[in-house]
Amino acid sequence: MNYSGILLAVKDMTKSKQFYEGVMEQKIAMDLDNIHVSFESGFSLQADYEGLLGVPLNPKEQPDNFQLYFEVEDLDKWEERLSKVDGIEFLHHSKEYPWGQRVMRFYDFDKYIVEVSESMASVVKRFLAQGLSVEETAEKTMFPVEFVQQIGTD
């Protein structure tokens, strides 16, 4: 068996597709007449999910037990960009966790949680640029020294 991805049931395919393609820079792999859209990154959008299944559903308006996760190299740029999108409700703006990674979370138009965080390679590079040693960076990020050394030489 092969895992094939996540499917999000959406209310407004045009709006959701525009958000994930235009704002979140996801490349469409397949678009079936605005009913089903698959992205190269492995998740899909589905309009009229109840009609597809052929059974009545009782979807939660805000399923807070699931999130999509994206990594970026420049979190500040993305936070500024997402802050300008009408209809985006932030759960929290960027905050730093004890291991040094900065993360923000928000609801998309269908109230799915989306997390955008720095890649851990970016975190390692940031710490090294701030003057932390390889060993200090490894301790702070909880990554092996070898990983930090490899990132530091990229």
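A quick note: this is a predicted structure, and the numbers were derived from the prediction, not measured. (Residues numbered from 1 in each chain as written. Predicted model: local features only at pLDDT ≥ 70, side-chain atom pairs only at ≥ 80, totals over all residues. Heavy atoms only, no water.)

Quick look at the nonpolar core now. Counting residues in hydrophobic clusters, the biggest one holds 26 residues, and the most contacted among them are F19, Y20, M24, L45, L82, F106 and V116. Elements with a minimum of two residues in this core: β1 (6-10), α1 (13-23), β3 (36-39), β4 (43-47), β5 (67-72), α3 (75-83), β7 (102-107) and β8 (113-118). Leave out the neighbours within four places in its chain, and F106 touches F19, M24, L82, I88, E89, F90, L91, Y112, I113, V114 and V116. (Core = buried A, V, L, I, M, F, W, Y, C linked by side-chain atoms within 4.5 Å. Buried < 20%, exposed > 50% of the residue type's maximum accessible area, 1.4 Å probe, protein only. Helix = DSSP H or I, 4+ residues; strand = E, 2+ residues; numbered from the N terminus. Contact = heavy atoms within 4.5 Å.)

Moving on, we get to the sheet that holds β7. Here we have 4 strands laid out as an open sheet, ordered β5-β8-β7-β6, and mixed in their pairing. Lying at the two open borders of the sheet, with one neighbouring strand each, are β5 and β6 (89-96). Taken pair by pair, the neighbouring strands of this sheet meet at an average axis angle of 15°, ignoring direction. Where α3 meets the sheet, it contacts β5, β6, β7 and β8, and its direction lies at approximately 20° from that of β7. (Pairing = 2+ DSSP bridges. Axes fitted to C-alpha atoms, helices over the stretch in contact; angles between N-to-C directions.)

Take the layout of surface pockets next. A volume near 350 Å³ is recorded for the largest pocket. Contributing to the lining of the largest pocket are 15 residues, with A9, V10, P59, K60 and Y112 lying nearest its centre. Elements with a contribution of two residues or more to the lining of the largest pocket: β1, β4 and α2 (49-53). In the lining of the largest pocket, the residues fall into 8 nonpolar, 1 polar and 6 charged. (1 Å grid on protein atoms, 1.4 Å probe; cavity = no way out; pocket = protein on both sides within 12 Å on 5 of 7 lines; lining within 4 Å. Points joined across faces, edges and corners; volume = space filled by probe spheres on them. Nonpolar A, V, L, I, M, F, W, Y, C, P; charged D, E, K, R; others polar.)

This part covers the sheet that holds β1. Strand order across the open sheet formed by 4 strands is β1-β4-β3-β2, with mixed pairing between neighbours. The sheet is open, and its two borders are formed by β1 and β2 (28-32), each paired with just one other strand. Between one strand axis and the next, the sheet turns through 15° on average, direction left out of account. Bridge analysis of β3 against β4 gives 3 bridges, and the strand direction is antiparallel. Counted as the bridge partner of V37 is L45 from β4. Contacts from α1 reach β1, β2, β3 and β4 within the one sheet, and its direction differs from that of β4 by about 160°.

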